[in-house]
Each structure stands twice: as structure tokens, then as C-alpha cells.
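Structural features, examined
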Amino acid sequence: MLSADRENGLPGDVAAMSAARESAVLARQAEWQRRLVDGAPDVQLQTLVEIGRHSNVLGVSDLVIRLAGSRDDSVRAAAAQALESSLQPSLVEVPVLIALLADRSDGEISYWAATMLGRLGQEAVDAAPALCDCVTSSSFLPARERAVLALHSIGTAAGDSVPALQAVSEVAPARLQHLCREAIGKIGPGACWVAQRAA
């Protein structure tokens with residue numbers, strides 16, 4: 001059977017095609033990174049539109065988030081569209097996403113950082129303290145809401161966030177209060193006590 005497969009080109013061709021596809025993806029990612037960092041606004045805009053045509057794009061979340069805070073409205077809109085429809089963060093991006101979450105220069109930056117962390121779900125557990133800080137101290141309400149949704153996505157692993165969520169749920173605007181209560185329900189009101197006991 002192996003010799004027949006080799007004659008038909010199956011195993012070797014599949015492996016070669018897979019390697020070629022992966023190489024092409026990495027090359028495209030590197031080119032996008034270069035154009036997003038070094039490009040003029042028109043090049044950045046073109047790159048963002050191109051990214052928006054793909055799905056599950058990895059490795060450029062932080063660059064696109066930074067462009068969501070651009071002063072150029074077209075670049076800003078294209079970055080938001082790419083973030084909404086195409087980008088999937090990777091675990092290696094968590095530290096950068098945490099740093100962007102604390103960026104106070106533009107609320108859109110922390111909003112999208114929280115959104116990307118939420119897409120990682122439980123894998124973003126290391127971001128829970130930074131998400132709590134965003135919930136309690138950001139002046140941009142949509143970023144605070146997305147941070148709560150990210151904590152909700154993390155679930156029980158975000159047990160230490162319950163006190164902050166409870167405090168915010170008592171004084172925040174109605175929608176944020178509701179989101180905090182839902183997150184507490186998902187995380188578990190006793191999760192903080194369990195996390196402290198385990199430590």
C-alpha cells in the first residue's frame with residue numbers, strides 16, 4: 001500500500017503541500033507585519049483590507065489593534081473591520097495584548113485588546129488581573145464591558161476577579177452591572193474563596 005501511495009503521490013505530496021502552505025502563510029504574515037509597521041497610511045489601509053479578506057489571521061493582532069487607534073479614519077475603520085472579522089490572537093501575543101489593555105491613549109486600543117483576550121477564553125487566564133484593572137479603572141465604557149466579557153470567557157480560572165466584578169456591579173452603569181453579574185455567575189461567586197484556599 002505504501003508503494004502504491006508513493007506512486008500516486010499521496011503521502012509525500014500531502015506533506016509537501018502542507019509545508020508549502022505553511023511557508024506561504026508565514027511569508028504573508030511577515031509581509032503584512034512589515035507593511036503595517038513601515039507603511040504609509042495608504043499602504044496600511046490596503047494591508048488591513050487584504051487581512052480582512054482572510055479568516056483566522058494570526059500574529060498581527062497587536063499591530064492591527066494599534067492601528068484601530070489611528071488618527072486616519074479610514075485606517076481606523078479598516079483595522080476595526082479586520083479585528084472584528086479576521087483576526088484570531090495566539091497565546092504568544094498575550095503579553096502584548098495585556099500591555100495594550102493598559103494603553104490609555106485611545107479607548108479603542110484597550111477595547112480591542114480585551115476583545116482579543118476574550119477570544120482566547122481560558123487560555124488568557126494570565127490576563128485576568130489586567131482585565132480586572134481595565135474593568136475598574138478604564139474611562140472608556142466599551143473597553144470595560146469587553147474586559148468583563150473576556151473574564152466571562154476565561155470562566156472559573158478567573159476566580160480572583162470576583163471581588164472586582166462585585167464592586168463594579170454595585171456602582172456601574174446598568175449594562176456593565178448586568179455583564180458583571182453574568183460573569184460572576186459563570187466564574188462562580190465562591191471561585192475567589194476556592195482560589196485563595198488553593199494558594
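Reading the values: the criteria
Residues numbered from 1 in each chain as written. Predicted model: local features only at pLDDT ≥ 70, side-chain atom pairs only at ≥ 80, totals over all residues. Heavy atoms only, no water. Helix = DSSP H or I, 4+ residues; strand = E, 2+ residues; numbered from the N terminus. Contact = heavy atoms within 4.5 Å. Core = buried A, V, L, I, M, F, W, Y, C linked by side-chain atoms within 4.5 Å. Buried < 20%, exposed > 50% of the residue type's maximum accessible area, 1.4 Å probe, protein only. Phe/Tyr/Trp six-rings, centres within 6.5 Å; stacked < 30°, edge-to-face > 60°.

Examining the environment of glutamate 108
- When you line up the elements, glutamate 108 lands in helix 7 (residues 107-120).
- C-alpha of glutamate 108 to C-alpha of proline 142: the two residues are 34 residues apart in sequence and 8.4 Å apart in space.
- Here glutamate 108 is in contact with Ala68, Arg76 and Phe140, once residues within four sequence places are set aside.

Remarks on the nonpolar core
- Formed by 55 residues in total, the largest nonpolar core has its most connected members in Ile51, Val64, Ile65, Leu131, Leu151 and Leu165.
- Ranked by residues supplied to this core, first place goes to helix 7 with eight residues.
- Residues within four places of leucine 165 in sequence aside, it is in contact with Val135, Val148, Leu151, Cys180, Ala183, Ile184 and Ile187.

Overview of the packing of aromatic side chains
- The tally for this structure, following the rule as stated, stands at one aromatic pair.
- Residues tyrosine 111 and tryptophan 112 carry aromatic rings whose centres are separated by 5.0 Å and whose planes lie at 90° to one another, so their mutual orientation is edge-to-face. Accessibility assignment for this pair places tyrosine 111 and tryptophan 112 in one class, buried.

On their own, these measurements won't tell you what the molecule is for.
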